[in-house]
Amino acid sequence: ISTIDYNEYVGRIGIGKVENGSIRVNQDALLVNHHNPSVNKKVKISKLYEFDGLNKVEVNDATVGSIVAISGIADIHIGDTICSPDHPEPIPFQKISEPTIAMQFLVNDSPLAGQEGKFVTSRHIRDRLFRELNTDVSLRVEEMENTDSFKVSGRGELHLSVLIENMRREGYEFAVSKAEVLYHTDENGKKLEPMETAVIDVPEEFSGVVIEKLSQRKGELRNMSGTGSTRLEFSIPSRGLIGYRGDFMTDTKGTGIINTLFEGYGPYKGDIQYRKQGSLIAYESGETVTYGLFSAQERGTLFVGPGEKVYSGMVIGQNGKTDDIEVNVCKTKKLTNTRASGSDDALKLSPPRILSLEQALDFIDTDELLEITPKNIRIRKKILDPTARYRAKRNGKA
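Residues numbered from 1 in each chain as written. Predicted model: local features only at pLDDT ≥ 70, side-chain atom pairs only at ≥ 80, totals over all residues. Heavy atoms only, no water.

**Q** What is the right way to read the pattern of salt bridges from this model?
**A** Opposite charge on two side chains lets them pair, provided their charged atoms get close. A full pass over the atoms with the stated rule returns 21 salt bridges. Linking Arg140 and Glu98 is a salt bridge whose minimum nitrogen-to-oxygen distance equals 3.4 Å. With Arg140 in strand 12 (residues 140-143) and Glu98 in the loop between strand 10 (80-83) and strand 11 (101-106), the pair connects residues that are 42 residues apart, well separated along the chain. The exposure class of Arg140 is partly exposed, given its relative accessible area of 30%. We note a salt bridge from Arg128 to Glu170, for which the minimum N-O separation is 2.6 Å. Here Arg128 is found in helix 1 (residues 122-132), whereas its partner Glu170 is found in the loop between helix 2 (157-169) and strand 14 (174-177), with 42 residues between them in sequence. Here Arg128 falls in the buried class, since its relative accessible area comes to 5%. Classification of Glu170 as partly exposed rests on a relative accessible area of 36%. Each member of the salt-bridge network shares a partner with another, and the members are Asp324, Asp367, Glu368 and Lys381. (Salt bridge = Lys/Arg side-chain N within 4 Å of Asp/Glu carboxyl O. Helix = DSSP H or I, 4+ residues; strand = E, 2+ residues; numbered from the N terminus. Buried < 20%, exposed > 50% of the residue type's maximum accessible area, 1.4 Å probe, protein only.)

**Q** Explain the packing of aromatic side chains to me, please; I cannot follow it from the model alone.
**A** By convention here, two paired aromatic rings are described through the distance between centres and the angle between planes. Per the stated rule, a full pass over the model turns up 6 aromatic pairs. With a centroid separation of 5.7 Å and 45° between ring planes, the pair formed by Tyr244 and Phe248 is classed as tilted. Within this pair, Tyr244 and its partner Phe248 are both found in helix 4 (residues 244-251), separated by 4 residues, close to a single helical turn. For Tyr244, a relative accessible area of 0% translates into the label buried. Assessed through its relative accessible area of 0%, Phe248 is described here as buried. Their ring planes at 85° and their centres at 5.2 Å tell us that Phe303 and Phe363 sit as a pair that is edge-to-face. Of this pair, Phe303 sits in the loop between strand 23 (300-302) and strand 24 (309-310) while Phe363 is found in helix 6 (residues 357-363), placing the two residues 60 residues apart along the sequence. The exposure class of Phe303 is buried, given its relative accessible area of 10%. The ring centre of Phe130 lies 4.5 Å from the NZ or CZ of Arg126, which sits over that ring. Directly above the aromatic system of Tyr268 lies the positively charged group of Lys191, at a separation of 4.3 Å from the ring centroid. (Phe/Tyr/Trp six-rings, centres within 6.5 Å; stacked < 30°, edge-to-face > 60°. Lys NZ or Arg CZ within 6 Å of the ring centre and 35° of its normal.)

**Q** Please clarify how the nonpolar core should be interpreted in this entry.
**A** Across soluble globular proteins, nonpolar side chains show a tendency to be buried alongside one another. In this structure, Phe105, Leu129, Ile164, Phe174, Leu370 and Ile379 are the most contacted members of the largest nonpolar core, which totals 31 residues. Every element with two or more residues in this core is listed here: strand 11, helix 1, strand 13 (149-154), helix 2, strand 14, helix 6 and strand 27 (368-372). (Core = buried A, V, L, I, M, F, W, Y, C linked by side-chain atoms within 4.5 Å.)

**Q** So what exactly am I meant to see when it comes to the sheet that holds strand 4 (residues 28-33) here?
**A** Strand pairs in the sheet, formed through backbone hydrogen bonds, run parallel or antiparallel to each other. Ordered in space as 5-4-10, the 3 strands form an open sheet in which the pairing is antiparallel. If you trace the sheet from one side to the other, it starts and ends with strand 5 (40-44) and strand 10, each paired once. Averaged over all adjacent pairs, the angle separating strand axes in this sheet is 30°, with direction ignored. (Pairing = 2+ DSSP bridges. Axes fitted to C-alpha atoms, helices over the stretch in contact; angles between N-to-C directions.)

**Q** Explain unusual backbone geometry here, please?
**A** Peptide bonds are trans in most cases, and residues, glycine excluded, mostly fall at negative phi. We note that Asn26 has phi near 65°; this positive angle belongs to a residue other than glycine. Mapped onto the fold, Asn26 is located in the loop between strand 3 (22-24) and strand 4. Asn26 gets classed as exposed once you look at its relative accessible area, which sits at 53%. Positive phi, close to 55°, is recorded for Lys253, a residue that is not glycine. Residue classification places Lys253 among the exposed positions, given a relative accessible area of 67%.

The structure is reproduced here in structure tokens:
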């Protein structure tokens, strides 16, 4: 079985190629697995399909070389072999990698919650996440003590961002936390973390900045080759790659190529500083006004333009310095009877930086959430109230 499909009427459908012999409807067979000898189950082929373009066509039998779909086996998984009970021979296959990072999926509780999404409750989100498990074998979903949140583990940021984007397009509204890596411990109690091999192809003039940035993220340069275009090979912790792709594209002016491969678990490499800039946080709820944005843009890079809805605690930009700053982007100019030469000239705003889903996932810090709706992606603080947020930060809880 090389892939799994799912249908609400017949359940899980296993898809694979007939390696030898033949298969037919109502045949008794044995389910075995190369990597798991404990899998040894008698099954019956209830329905058999072949493919005609994108459609499944029901057939009675199939022979060597046919790609078939089989329904009626409830707990079929990728890598399982269906064979004759007389000759049980599991076919070897590549072992499915375990998840290396996790993030929390939460019910959206912002002041703008429920205005743009079709599916907004914890039951909706739970059903959708568990339905994804039917076809995505590398995904893990755990229910938390708080019924409004779920821990979703996957193979990397890209893996989870594809799920988030699919849910957003289907009409779901929810919030997600910053991705965190999954640690293990060895027999001596030492902390182990997932390590990856990163192979990077960049023009020679950008190799220095790439080496510098990845060294700061605990990357270790193993190999360097090539003339004109340089190939760099790094061993780097998975958490060192979180949020790096955006910087990488900027540093290489869009010319670099990065490929990563899971290497295994290695000793913990120490703390990594992810983000050096703070956030610009909206001071009050309302609609953004050009006058307020003009004052705020001097502090850093804005993510919002005029006429957009914001709320207190929402991140509306990136501060040029390390601290978080609250700014009032809903502030209007007070009208007076006096006019001075040049004071009423049109205010010029810099274009806002519009973040994609991947860029927003890279940007958020551990005390922030990403609010996902079918129409918008917003960054916000976990604690919206400024007093409570300051108190939590002072006590080391945020």
